[in-house]
Amino acid sequence: MVKLLIRWSLLAAALLLISHLYSGMVVQSFTAALIVALVLGLLNAIVRPVLILLTLPATIVTLGLFLFVINAAMLYTAAWMLDGFQVTGFGAALLASLLYSACGMVIDAALQHLFRDR
């Protein structure tokens, strides 16, 4: 449970970092970033698998590159749903989703190293 809360907080901080480094994405506050991280997690857990299944032919033809479009669509959907979070366009969502995924991989690796004995 502690690992989940730490991961959630770090992903929210990653959203804030990306919004400060990249002008195509705006997050109003840390509270908004926490809500965005939660909504993105829910969208990725519920909607993303359905989209991957429905777009499987396009994913196979593009050798998996279409998954980047799905990730950007999840970020763009979260921006559409929430008030304190904005993305300027689909291209901005694509770049921001790549940065967010990279941050997520670093966070997961660090947490796996930190909690490896448990």
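Residues numbered from 1 in each chain as written. Predicted model: local features only at pLDDT ≥ 70, side-chain atom pairs only at ≥ 80, totals over all residues. Heavy atoms only, no water.

Engineer: Which residues make up the environment of isoleucine 6, and what are the values?
Structural biologist: Relative to the helices and strands, isoleucine 6 is located in helix α1 (residues 2–21). Residues isoleucine 6 and alanine 45, spaced 39 residues apart in sequence, show a C-alpha to C-alpha distance of 18 Å. Among residues more than four places away in sequence, those in contact with isoleucine 6 are Leu111 and Phe115. (Helix = DSSP H or I, 4+ residues; strand = E, 2+ residues; numbered from the N terminus. Contact = heavy atoms within 4.5 Å.)

Engineer: So, helix α5 (residues 90–114): which residues are in play, and what are the values?
Structural biologist: With 25 residues, α5 extends 35 Å between its outermost C-alpha atoms, agreeing within 8% with the 36 Å of an ideal straight helix rising 1.5 Å per residue. For α5, every residue scored as buried is listed here: Ala92, Ala93, Ala96, Ser97, Tyr100, Gly104, Ile107 and Leu111. Next to the buried residues of α5 lie α1, β1 (25–27), α2 (30–54), α4 (66–81) and β2 (85–87). (Expected span 1.5 Å × (residues − 1). Buried < 20%, exposed > 50% of the residue type's maximum accessible area, 1.4 Å probe, protein only.)

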